[in-house]
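Chain by chain, the residues:
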Amino acid sequence: MAENRASQDRAPEYAEGTPCWVDAQLPDVEAGRRFYGGLFGWAFEEQPWGTVRALKDGEAVASLAHKTDGRLPTVWTVSFATSDATALCRRISAAGGQIVSPPLPFGDLGSTALVTDAEGAVFSLWQGARTPGFGRRHEPGTFAWAQLYTRDTEAANTFYGDLFHDALFGPDAEPDFGRAPVTDVFAAEMPPHILVHFAVEDLAAGLAGVTRLGGRVQVPPFETSYGTAAVVTDNQGASFALLRR
């Protein structure tokens, strides 16, 4: 099983409903490069669409983009893989979600859309052409998990289960996406949202790195079914989690 999982971690394609990419919308991309480069050891390369791609050991793991409108939140967003973003957007609308931005080409790499679930939690869709998504994941300094914090986990299971049944509940499913009540970790008034988790080998060292680089600890370490997590913010206010499994 370990060999199979290692092969999946570098798979050239991702099945529909698999978290396949994460990106941060930041007011200052250079400050983001310093923070995440210092925290995770990422290197960066410029892309022609106003973003920088983060690399871990030479393979793509995330991207940072300049937030063009100051009214928009400073956030990490997870993308789910799909072979047909237009058809999936129709299904999301029919299930009570919203289409924030319809599918648009991202250069020649693929197409992306920004959507919400029925409670308003935001996520993206990625229909890969030349680039399927992560080059590395499930390793220190790379994507490890996405957790939806919602007010109604049963409704969330129905919504996402209908969209991504095989990825979440199929016989061979090894999902990287969970659902939990928002009050498990956050105050009741926190809106539903998906929290991106990055893997670390040493959680205490990771938290020390966050504060040293100008971020802060939002929720101290707590136990989950998928490991020990802590919620933090970067030096510009984007929330994410560190996860030790």
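Residues numbered from 1 in each chain as written. Predicted model: local features only at pLDDT ≥ 70, side-chain atom pairs only at ≥ 80, totals over all residues. Heavy atoms only, no water.

## Considerations on the overall build of the protein
In terms of helices and strands, the protein carries six helices and 14 strands. Taken against the 2.2 N^0.38 rule, which gives 18 Å for 245 residues, the C-alpha radius of gyration of the protein at 17 Å falls within 12% of a compact globule. If you line up the protein on its principal axes, its C-alpha atoms span 45 × 45 × 40 Å. Across the 245 residues that make up the protein, the buried fraction comes to 51%. Of the contacts formed within the protein by residues at least 6 apart in sequence, a portion of 63% connects residues at least 24 apart. Surface summary for the protein: the accessible area is close to 11,100 Å², and the carbon and sulfur share equals 51%. (Helix = DSSP H or I, 4+ residues; strand = E, 2+ residues; numbered from the N terminus. Rg over C-alpha atoms; globule rule 2.2 N^0.38 Å. Buried < 20%, exposed > 50% of the residue type's maximum accessible area, 1.4 Å probe, protein only. Contact = heavy atoms within 4.5 Å. Areas by Shrake-Rupley, 256 points an atom, 1.4 Å probe, with all protein chains shown as cover.)

## Description of the sheet that holds strand S13 (residues 227-233)
Pairing in this open sheet of six strands is mixed, and the strands run S10-S9-S11-S14-S13-S12 from one edge to the other. If you trace the sheet from one side to the other, it starts and ends with strand S10 (177-181) and strand S12 (216-224), each paired once. Ignoring which end each strand starts from, the neighbouring axes of this sheet average 30° apart. Across six bridges, the pairing between S12 and S13 is antiparallel. Within S13, the position partnered with Glu223 by the bridge is Thr228. Each of strand S11 (193-199), S13 and strand S14 (239-244) is contacted by helix H2 (residues 29-40), which is oriented at about 5° to S14, the strand it contacts most. (Pairing = 2+ DSSP bridges. Axes fitted to C-alpha atoms, helices over the stretch in contact; angles between N-to-C directions.)

## A word on the packing of aromatic side chains
For the coordinates displayed, the defined rule picks out 26 aromatic pairs. Ring geometry for Tyr160 and Phe177: centres 5.0 Å apart, planes at 75°, overall edge-to-face. Here Phe177 lies in strand S10 and Tyr160 lies in helix H4 (residues 153-163), a separation of 17 residues in the sequence. For Tyr160, a relative accessible area of 0% puts it in the buried group. Residue class for Phe177 comes out buried when judged on its relative accessible area of 2%. (Phe/Tyr/Trp six-rings, centres within 6.5 Å; stacked < 30°, edge-to-face > 60°.)

## Some words on helix H6 (residues 203-212)
Turning to H6, its buried residues are Leu203, Gly206, Leu207, Gly209 and Val210. Projection of H6 onto a plane perpendicular to its axis shows the buried side chains occupying an angular sector of 155°, all on one side. Structural note: H6 exposes Ala204 and Arg212 on the side pointing more than 90 degrees away from its buried face. Elements in contact with the buried residues of H6: H2, S12, S13 and S14. Its side-chain oxygen 3.1 Å from the backbone nitrogen of Ala204, Asp202 forms the N-cap of H6. Taken from the residues just after H6, Gly214 is the one with a positive phi, measuring 105°. (Arc of directions from axis to C-beta. Polar contact = N/O pair within 3.5 Å; in protein donor to acceptor, adjacent residues only side chain to side chain.)

## Section: the confidence of the model for the protein
Considering every residue of the protein, the mean pLDDT works out to 93; 95% of them sit at 70 or more. Contacts from residues 1-12, a stretch scored under 50 in pLDDT, to residues over four places away or in other chains number 16 contacts. (pLDDT = per-residue confidence, 0-100.)

## Some details on the side chain of Asp117
Relative to the elements of secondary structure, Asp117 occurs in the loop between strand S7 (110-116) and strand S8 (122-128). Polar contacts involving the side chain of Asp117 include one to the side chain of Tyr160, which spans 2.7 Å. In this structure, Asp117 is in contact with Gly96, Gly97, Gln98, Phe123, Leu148, Phe159 and Tyr160, ignoring residues within four places of it in sequence.

## With respect to the pattern of salt bridges
For the structure shown, the criterion picks out nine salt bridges. In this structure, the salt-bridge partner of Glu45 is Arg53, at a minimum N-O distance of 2.2 Å. Owing to a relative accessible area of 22%, Arg53 belongs among the partly exposed residues under this scheme. A salt bridge links Asp69 to Arg71; the shortest N-O distance between them is 2.8 Å. (Salt bridge = Lys/Arg side-chain N within 4 Å of Asp/Glu carboxyl O.)

## Side note on the nonpolar core
A general tendency of soluble globular proteins is for nonpolar side chains to be buried together. One finds Tyr36, Trp42, Trp76, Phe123, Tyr160 and Phe240 to be the most contacted residues of the largest nonpolar core, which totals 58 residues. Residues within four places of Trp42 in sequence aside, it is in contact with Tyr36, Gly37, Ala54, Leu55, Lys56, Val61, Ala62, Trp76, Gly141 and Phe198. Membership of the second largest hydrophobic core comes to 16 residues, among which are Trp145, Leu195, Ala229 and Val231. (Core = buried A, V, L, I, M, F, W, Y, C linked by side-chain atoms within 4.5 Å.)

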